[in-house]
Amino acid sequence: MAAVKETMRHQNFVLMAADAELEPVEEADRRDALAGVAGLAAVRELSRLFSRLDLALMIDWSEKRVQTDLLRRVGTPWSEALAARVNNGDRLLTPRALAQLMREILEYASTSPDEPELPLPTLVHYLLSINTEHYRDTEYSDTGLVTDEGHRKMAEELSGLSVEDSIEMLRALMPTEIANALADVTLSPIGLRAETEDTWFRPWPDKVVHSALGSCPAEAFAAAHGVPLVEVLALGKIVDDLTRDGAVEFARAQLLELGGTEAAIDLCIQEMSRPLDQYRAALAADRRRGSVHQQRYTMTQFPFLRIDDDRVLLLRYQWGIDRFYGNLLYWSTFAGLPGFKMPAPKPKSAAEAFSDGMNHVFERSIGDILETLVARSACADRLITENEMQTAWTTSGQAIASACDWVIKAGKMCIVVDATNHSLDMFLSQGLGTPEAYAADMNRIFASSDGKFGQLAKTMKSFRERGSEDFDVHPATVFLPIIALPAGGTPNLDTTDLDFQLRSRPFFEEFGRRVYAPAAMTLTELQVLEGMAGRAGFPDPVKTLMNWRYACSLTPWPIRLREFLDLTLASPNRPLSSRVLANNKALLRRLSRL
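Residues numbered from 1 in each chain as written. Predicted model: local features only at pLDDT ≥ 70, side-chain atom pairs only at ≥ 80, totals over all residues. Heavy atoms only, no water.

Caption draft 1: How the structure looks around the overall build of the chain. For the chain, the helix and strand inventory stands at 28 helices and nine strands. Since a compact globule built from 594 residues should have a radius of gyration of about 25 Å, the 25 Å found for the chain is in line with a globular shape. Expressed along its principal axes, the backbone C-alpha trace of the chain runs to roughly 80 × 65 × 45 Å. By the burial criterion, 52% of the 594 residues in the chain qualify as buried. Of the contacts formed within the chain by residues at least 6 apart in sequence, a portion of 75% connects residues at least 24 apart. Approximately 26200 Å² of the chain is accessible, and the part contributed by carbon and sulfur atoms is 53%. Computed over 64 positive and 81 negative side-chain charges, the separation of the two mean positions in the chain equals 4 Å. (Helix = DSSP H or I, 4+ residues; strand = E, 2+ residues; numbered from the N terminus. Rg over C-alpha atoms; globule rule 2.2 N^0.38 Å. Buried < 20%, exposed > 50% of the residue type's maximum accessible area, 1.4 Å probe, protein only. Contact = heavy atoms within 4.5 Å. Areas by Shrake-Rupley, 256 points an atom, 1.4 Å probe, with all protein chains shown as cover. Lys, Arg positive; Asp, Glu negative; His and termini not counted. Charge placed at Lys NZ, Arg CZ, Asp CG, Glu CD.)

In structure tokens form, the structure reads like this:
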């Protein structure tokens, strides 16, 4: 317990109602109270707060000031006490709590402008109550606070579990942890724009040949929507700039005056917003699916509330820029092309070709990152491609040899990498999935003979048997398996990392001590390593990757990449790579030419 107490003294916490010595306002009571509040005014207030927090997290790391300014505006003794806690590193505002309160205001608040506005102390009290709702546990803490007693009960329960029961309990917790991590992610506007330039305006990879898709994905977008993508992105930049200046409402006339086109504005109003009655129906459907604690897809698909046919209100800055520049560009294009249907498009259709083509685009993006890492690494010798491996290992008259996408040869280490453009589905991403559903997803994509673990193992065997002859690898090569995922894939958490290792063990155990702990890494996490490459004051990123996985091989409990970098890097900054910065500038130049 002494170790637990010492850990708690140095840990930062999300603030609960009990921290302010307030009773939490339960969801039913919030609903009743919001019915007597002017809804549109409350949405505006919360939108400004949410967007200020987003910009603070993304741009200038001033989120502590945003929170303390809010608490000081509340002007009560309890808010002053909480402001001191925030200054010491604790958090009042979380994306999940803000999103849930936004949802409740949209669902329950009055449509009459004559009702009183939501008082600021009440708004903050509601946020503290939602934090409590998210973190309370009836067995360990009904207030959401982390206590010695709660830790004692948990330790006693864990000490009585077998290894199998411990793993089962771990896996039962994972769907919620994964959904929390994805819901709380902070996006980078520069990173989003750079990815848009690289993904949508670069020519299709050579394997993509369907005539309906045009020369690049942007032409497929135009075919699906009837609007040039560059016009939609330019409108997104206008909204971005206005939001940074404090705006939350946007009128058609204003957007036209600033350079938006009628077609792009129409698309924004029709596809990115919903009037309140339709919004309420969609949010009610969310509730019928289950807990709304991590549900956000309705609000990310429709980040604007439609006030009338010519005026919209942005609910959150991050949802807005993600809708203009992020992954929903893919889904709306996919759904707009001939042959689209769920769960699978019509064979040989434009929709199927587009989906397959974007998988090749994703693989190219991962390959670009790996090329940068190898080119700027002192310990990496070369990057071996899938084509090189297949050429070396395929003999006349046989089927093409199985190989992963890339191998980084680095002295006595071979980092075997395979990319799969697989995101978690809407249920697992939003806390609605079960441990069984997560296990089925893992087994289907990774833990099967024709899945990613099996494919990596086959490549490792080929290198063990022929690598010395074909690629001059060391006879005692040690392997590091990596699976690259999109931003919506399984995030790197200590729990998911451990589960990943356990599920991969049957495929890699024959390599004994000559294999490091495998890892799934998202595109975003690989971009963090890319940003370190060649930067003064930062270590070799390939060496850092190897050191991280070696450390995870030695400990029974894995270390998250983010935490490993925090422990090992002198600088808290995570710079963007020169490639990302160049792509961002290229897109801004493209938009400026309109």
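Still more to cover.
Caption draft 2: Fine view of the sheet that holds strand β2 (residues 273-275). Reading across from one edge, β1-β4-β3-β2 is the order of the four strands in this open sheet, with mixed pairing throughout. Of all the strands in the sheet, the pair left with one neighbour each is β1 (249-251) and β2. Across this sheet, the average inter-strand angle for adjacent strands is 35°, counted without regard to direction. The strands that helix α12 (residues 229-244) touches are β1, β3 (304-308) and β4 (311-314); relative to β1, the one it contacts most, it runs at about 135°. (Pairing = 2+ DSSP bridges. Axes fitted to C-alpha atoms, helices over the stretch in contact; angles between N-to-C directions.)

Caption draft 3: Inspection of unusual backbone geometry at higher detail. At the junction of Met-342 and Pro-343, the peptide bond is cis and its omega measures out at 10° in the coordinates. By the secondary structure assignment, Pro-343 is in the loop between α18 (328-336) and α19 (350-375). With a phi close to 55°, Glu-21 is a non-glycine residue in the positive phi region. Its identity is not glycine, yet Lys-348 carries a phi of approximately 65°, on the positive side. With respect to the secondary-structure elements, Lys-348 resides in the loop between α18 and α19.

Caption draft 4: Broad picture of the pattern of salt bridges. Summed over all chains, the structure comprises 41 salt bridges. Between Asp-19 and Arg-85 there is a salt bridge, and its shortest N-O distance comes to 3.2 Å. Here Asp-19 is found in the loop between α1 (2-9) and α2 (27-34), whereas its partner Arg-85 is found in helix α5 (residues 77-87), with 66 residues between them in sequence. When its relative accessible area of 26% is taken as the criterion, Arg-85 is described as partly exposed. The closest approach of N and O atoms between Arg-136 and Glu-26, which form a salt bridge, is 3.1 Å. Highlighted residues: Arg-136 in the loop between α7 (120-135) and α8 (148-159) and Glu-26 in the loop between α1 and α2, separated in sequence by 110 residues. Assessed through its relative accessible area of 27%, Arg-136 is described here as partly exposed. Residue classification places Glu-26 among the partly exposed residues on the basis of a relative accessible area of 31%. (Salt bridge = Lys/Arg side-chain N within 4 Å of Asp/Glu carboxyl O.)

Caption draft 5: Representation of the state of the cysteines within the structure. Taken as a whole, this structure holds zero disulfides when the rule is applied. Cys-552 takes part in no disulfide bond, and the closest cysteine sulfur to it belongs to Cys-379, at a distance of 17 Å. Here Cys-552 falls in the buried class, since its relative accessible area comes to 1%. (Disulfide = S-S within 2.5 Å.)

Caption draft 6: Seen up close, the sheet that holds strand β8 (residues 478-485). A sheet is described by the order of its strands in space; here five strands give the open sequence β5-β6-β7-β8-β9, paired in mixed fashion. Looking at the sheet topology across the chains shown, the edges are occupied by β5 (382-385) and β9 (519-522). With direction set aside, neighbouring strand axes in the sheet form an average angle of 25°. The sheet contact formed by β8 and β9 spans four bridges and is parallel. Note on β9: the bridge partner recorded for Leu-485 is Thr-522.

Caption draft 7: Highlighting a nonpolar patch on the surface. A grouping of Tyr-297, Met-426 and Phe-427 is seen on the molecular surface, where their side chains present a nonpolar patch of about 250 Å² in accessible area. Here Met-426 is to be found in helix α21 (residues 426-429). (Patch = residues over 30% accessible without salt bridge, like charges linked within 9 Å, V, L, I, M, F, W, Y side chains within 5 Å.)

Caption draft 8: View of empty space enclosed by the protein. Taken as a whole, this structure holds five cavities of 30 Å³ or more when the rule is applied. If you go around the largest cavity, you meet 15 residues; those closest to its centre are Pro-95, Arg-96, Ala-99, Ala-183 and Arg-296. When residues of the lining of the largest cavity are assigned to their parent elements, the largest contribution, five residues, is made by helix α6 (residues 95-108). Residue composition of the lining of the largest cavity, grouped by class: seven nonpolar, four polar and four charged. (1 Å grid on protein atoms, 1.4 Å probe; cavity = no way out; pocket = protein on both sides within 12 Å on 5 of 7 lines; lining within 4 Å. Points joined across faces, edges and corners; volume = space filled by probe spheres on them. Nonpolar A, V, L, I, M, F, W, Y, C, P; charged D, E, K, R; others polar.)

Caption draft 9: Structural detail: the pairing of β8. Counted residue by residue, β8 has eight buried out of eight residues, so it is predominantly covered. Residues of β8 alternate between two faces, with Val-478, Leu-480, Ile-482 and Ala-484 on one and Phe-479, Pro-481, Ile-483 and Leu-485 on the opposite face, all of them buried. Sheet topology places strand β7 (residues 413-419) next to β8; seven bridges connect them, and they run parallel. Looking at β8, one finds that Val-417 is bridged to Ile-482.

Caption draft 10: Expanded view of the nonpolar core. Ranked by size, the top nonpolar core spans 50 residues in total, and within it Trp-200, Phe-304, Phe-324 and Phe-354 carry the most contacts. With nine residues, α12 is the largest single contributor of residues to this core. Contacts of Phe-324, omitting those with residues within four sequence positions, involve Val-232, Leu-233, Leu-235, Gly-236, Val-239, Cys-268, Met-272, Phe-304 and Leu-329. In terms of nonpolar packing, the next biggest core, distinct from the first, is built from 49 residues, Val-25, Leu-120, Tyr-126 and Ile-130 among them. (Core = buried A, V, L, I, M, F, W, Y, C linked by side-chain atoms within 4.5 Å.)

Purely spatial values, then, with no claim about function.
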